[in-house]
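Tertiary structure, described
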Amino acid sequence: MTSTHPWLIVGLGNPGLEYAHTRHNVGHMVIDALAARAGVTLNSHRSGTHTADIRMGVLPGGVPGPRAIIAVSDSYMNTSGGPVGRLAKFLDVAPDHLLVIHDELDLPEHSLRLKTGGGEGGHNGLKSISQVLGTRDYHRLRMGIGRPPGRMDAADFVLARIPAKAMTDIEVTVEEAADVVQDVVMRGFVETQQRLHTAQGA
């Protein structure tokens, strides 16, 4: 059984249209997908985020599923911690009910993994959140984007616009990630982690 306390689901990325279709913004893309499923628009919040309060999934008998707050930061990736920390405090959400969705260079492209705590792997968005929260013990959904080709710099790779021919596959992965988020909210983190990693051979 899952807790009745709502989950806070944060997708990392950079604001602005110039970053909308970059690998660094796959977290934003998942939040957009979840908002579309719920038929809502994200609204500005005084924490420096855009949020929506939704119900995820459908329970037996057609009852709306558990409550979750989906959000993106209005700040750039490297300073995500301030807005995310303020929103978590405003909502009184503890780290054990915070799920951060982010791009992951150290995983093969299109792979998904759930993780709790541990290092940030050089990800500046995670570093900022950990610093502000004062803990690394929050949940993450890692979305594999693979390593840059050849000698391409990692920063250039994550901020480069995704080629149109690759966007279809990215969009499929984004929807799969949205399914994982929904499962976390409805089934709980540990059960979803086990199911996901078994399915992906992790």
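Okay, so let's go over this structure. The structure presented is a predicted model; accordingly, all values stated were derived computationally and were not measured. (Residues numbered from 1 in each chain as written. Predicted model: local features only at pLDDT ≥ 70, side-chain atom pairs only at ≥ 80, totals over all residues. Heavy atoms only, no water.)

A closer look at helix α2 (residues 81-91)
Defined as follows: Remark: exposure states derive from per-residue accessible area (1.4 Å probe, protein chains only) relative to the maximum for the residue type, with buried under 20%, exposed over 50%, and partly exposed in between. Helix and strand definitions here come from DSSP, where helices need a minimum of 4 consecutive H or I residues and strands a minimum of 2 consecutive E residues; each element is numbered from the N-terminal end. Between two residues, a contact is recorded if the distance between any of their heavy atoms is within 4.5 Å.
All of the buried residues along α2 are G81, G82, P83, V84, G85, L87 and A88. On its buried face, α2 is in contact with β1 (7-11), β2 (43-45), β3 (49-55), β6 (67-73) and α3 (124-133). Just downstream of α2, D92 is the residue with a positive phi angle, here 60°.

Brief notes about the side chain of H28
Mapped onto the elements of the fold, H28 is located in helix α1 (residues 26-38). Looking at H28, the relative accessible area reads 12%, which means it is buried.

Considering the sheet that holds β3
Put simply, the rule reads: Any two strands are treated as partners once DSSP identifies two or more bridges connecting them. Fitting a line to C-alpha atoms yields each axis, with helices limited to the stretch in contact; the angle taken between N-to-C directions then spans 0 to 180 degrees.
Read across the open sheet, the seven strands follow the order β2-β3-β6-β1-β7-β9-β8; overall the sheet is mixed. Taken across any chain shown, the strands that pair with only one partner, and hence form the sheet edges, are β2 and β8 (112-116). Averaged over all pairs of adjacent strands, the angle between strand axes in this sheet comes to 30°, irrespective of strand direction. The pairing of β1 with β6 spans four bridges and is classified as parallel. The partner of L8 across the bridge, within β6, is I69. In the packing of helix α6 (residues 189-199) onto the sheet, contacts are made with β1, β7 (98-104), β8 and β9 (139-144), and the angle to β8 comes to roughly 145°.

Considering the packing of aromatic side chains
Formally: The aromatic pairing rule takes the rings of Phe, Tyr and Trp, using the six-membered ring of Trp, and pairs them if the centres are within 6.5 Å, calling planes under 30 degrees apart stacked, those over 60 edge-to-face and the rest tilted.
Here the structure, examined in full by the defined rule, presents one aromatic pair. Where Y19 meets Y76, the ring centres are 6.0 Å apart and the plane angle is 80°; that geometry is what we call edge-to-face. Of the two residues, Y19 is situated in the loop between β1 and α1 and Y76 in the loop between β6 and α2; the sequence distance between them amounts to 57 residues. By relative accessible area, Y76 is classed as partly exposed at 45%.

Some thoughts on the pairing of β7
For β7, a buried count of seven out of seven residues is recorded, marking the element as mostly surrounded by other parts of the structure. Two elements, β7 and β9, share six bridges in a ladder whose sense is parallel. If you follow V100 over to β9, its bridge partner there is R140.

Quick look at the nonpolar core
Applicable threshold: Residue types Ala, Val, Leu, Ile, Met, Phe, Trp, Tyr and Cys, when buried and joined through side-chain atoms within 4.5 Å, form a set referred to as a nonpolar core.
Counting residues in each nonpolar core, the largest one holds 34 residues, and the members touching the most others are I9 and I70. A total of nine residues in this core trace back to one element, the largest contributor, which is helix α5 (residues 164-187). If we ignore the near neighbours within four places in the chain, the residues touching I70 are I9, I31, L34, A35, L42, H50, T51, A52, I54 and M56. By size, the runner-up hydrophobic cluster in this structure holds 15 residues, among which are L8, L12, M77 and Y138.

Describing the packing of α2 against α3
Threshold: If an angle is under 35 degrees, it is roughly parallel; if it is over 145, roughly antiparallel; if it lies from 65 to 115, roughly perpendicular; otherwise it is oblique. In this scheme, a crossing is called left-handed if the near helix is turned counterclockwise away from the far one by less than a right angle; it is called right-handed if the turn is clockwise. Polar here means any residue outside two lists: the nonpolar Ala, Val, Leu, Ile, Met, Phe, Trp, Tyr, Cys and Pro, and the charged Asp, Glu, Lys and Arg; Gly therefore counts as polar.
Contact geometry of α2 with α3 gives a least axis separation of 8 Å together with a crossing angle of 45°. When the axes of α2 and α3 are compared, the pair comes out oblique. Relative to α3, the crossing made by α2 is right-handed. Contacts between α2 and α3 pair G81, G82, V84 and G85 from the former with S128, I129, V132 and L133 from the latter. By residue class, the composition of the contact of α2 with α3 is four nonpolar, four polar and no charged.

Structural notes on the environment of I101
The topology assignment puts I101 in strand β7. We classify I101 as buried; its relative accessible area is 0%.

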